[in-house]
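The primary structure of each chain is shown beneath.
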Amino acid sequence: MITYSVVVKMYLNAGIPESAVQVLEMMENQNDIEPDSCLIHYMFRVYHKCNMPVKAAELYYRIVRAGLKWDGAMYNCIINCCGRALPIDEVSKVYDDMIKSGFLPNTITINVMIDIYGKAGLLAKAYNVLRLARKHTLSDIISYNTLISAYGKWKDYARMEETLHEIHRGGFPVSIEACNSMLDAYGKAGQLKEFQDVLEQMRTTGCNFDLMTYNIMLNVYGKHGLVEEITDILSKLKEGGLQPD
RNA sequence: GCCUCUU
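Residues numbered from 1 in each chain as written. Chains lettered and ligands numbered in written order. Predicted model: local features only at pLDDT ≥ 70, side-chain atom pairs only at ≥ 80, totals over all residues. Heavy atoms only, no water.

**A short note on the packing of aromatic side chains**
Next, step 1: On inspection of all chains with the given rule, the structure shows eight aromatic pairs.
Next, step 2: Centre to centre, the rings of Trp-70 and Tyr-75 are 5.3 Å apart; their planes meet at 70°, and the pair counts as edge-to-face. As far as the burial class goes, Trp-70 and Tyr-75 line up, both buried. (Phe/Tyr/Trp six-rings, centres within 6.5 Å; stacked < 30°, edge-to-face > 60°. Buried < 20%, exposed > 50% of the residue type's maximum accessible area, 1.4 Å probe, protein only.)

**Section: the protein's contact with RNA strand B**
Next, step 1: Looking at RNA strand B, there are 24 residues lining it, with Arg-45, Asn-80, Asn-106, Asn-111 and Asn-219 nearest.
Next, step 2: Within 4 Å of the protein, the contacting atoms of RNA strand B are 56% sugar and phosphate, with bases supplying the remainder.
Next, step 3: Within the side chain of Asn-111, an N or O atom sits 2.6 Å from a base oxygen of RNA strand B.
Next, step 4: A distance of 2.9 Å separates a base oxygen of RNA strand B from a polar atom in the side chain of Asn-145.
Next, step 5: Elements supplying a minimum of two residues to the surface near RNA strand B: helix H3 (37-49), helix H7 (107-119), helix H9 (141-153), helix H11 (176-188) and helix H13 (211-223).
Next, step 6: Classifying every residue of the surface near RNA strand B gives four nonpolar, 11 polar and nine charged. (Near = heavy atom within 4 Å. Polar contact = N/O pair within 3.5 Å; in protein donor to acceptor, adjacent residues only side chain to side chain. Helix = DSSP H or I, 4+ residues; strand = E, 2+ residues; numbered from the N terminus. Nonpolar A, V, L, I, M, F, W, Y, C, P; charged D, E, K, R; others polar.)

**Details of the pattern of salt bridges**
Next, step 1: Going through the model one piece at a time under the given rule, you end up with 13 salt bridges.
Next, step 2: Residues Glu-58 and Lys-55 are paired through a salt bridge, measuring 3.7 Å at the closest nitrogen-oxygen approach. Within this pair, Glu-58 and its partner Lys-55 are both found in helix H4 (residues 53-66), separated by three residues, close to a single helical turn.
Next, step 3: Across the pair Lys-236 and Asp-232 runs a salt bridge, and its minimum N-O distance is 3.3 Å. Here the residue Lys-236 and the residue Asp-232 both occupy positions in helix H14 (residues 227-239), the gap between them amounting to four residues, near one helical turn.
Next, step 4: You can call Asp-232 partly exposed: its relative accessible area is 40%.
Next, step 5: Each of the salt bridges in this network shares a partner with another, and the network as a whole consists of Glu-28, Lys-55 and Glu-58. (Salt bridge = Lys/Arg side-chain N within 4 Å of Asp/Glu carboxyl O.)

**Describing the confidence of the model for chain A**
Next, step 1: Across chain A, the average pLDDT comes to 93, with 100% of residues at 70 or higher.
Next, step 2: The complex model carries a pTM of 0.93, and its ipTM stands at 0.73. (pLDDT = per-residue confidence, 0-100.)

**A closer look at H4**
Next, step 1: With 14 residues, H4 should cover 20 Å at 1.5 Å per step; its first-to-last C-alpha distance of 20 Å lies within 8% of that length.
Next, step 2: All of the buried residues along H4 are Ala-56, Ala-57, Leu-59, Tyr-60 and Ile-63. One side of H4 carries all its buried residues, which in axial view fall inside an arc of 160°. Facing away from the buried surface of H4 by more than 90 degrees, the exposed residues are Val-54 and Arg-65.
Next, step 3: Of the surrounding elements, those touching the buried residues of H4 are H3, helix H5 (72-82) and helix H6 (88-100).
Next, step 4: Backbone geometry just downstream of H4 places Gly-67 in the positive-phi region, at approximately 70°. (Expected span 1.5 Å × (residues − 1). Arc of directions from axis to C-beta. Contact = heavy atoms within 4.5 Å.)

Structure below.
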């Protein structure tokens, strides 16, 4: 078992988790190996990196059945590596459990939880995660970007704009990801006035457009048949040597 | 260490 840990860890650190998967398959075929918490960590990371949500979820249910106590690192690992592979109620339970047991999530766990709740439309829960994070200075610009994207997806434009103001108040520079999320939200909703306002804000604050910005603009203008604008963007992209998708 | 957000 120690040997498996060492080898799996080595492949992970070498950036070739695919090889680690092969080793884990050998281990499974051996049947009599009970991974310790250290190896379980590595296994979660391997399945996450190799996009194997079914294996990650299997491993999760296996350690739940084992009924051992988890430390803070294990909670972080589970949420980071298989949060999206589990039903929302299950991740929610893990997260609540973590807090109740007195462990503080790390920033990435915070951001994953905001994203999971946000994508599921559980916006109040997403916001509560951010509040907890702020209280312990665990939030970063990605926490805000993620929440903005969630409010945009679910058309809560007031809270979306409010979150943008919170970024300003928190002293973070406004990020291109937040702006792109807002553009996409307004664009999809056909709110072209607000869409233009965001673009104007970006110009005045010196937030440079990136390829994603142009892709969003192309989608929106295309849907509304704004031929001249499209032509203009395409020539700008050509100048920059960029390819829209 | 975990490496998370936008078409």
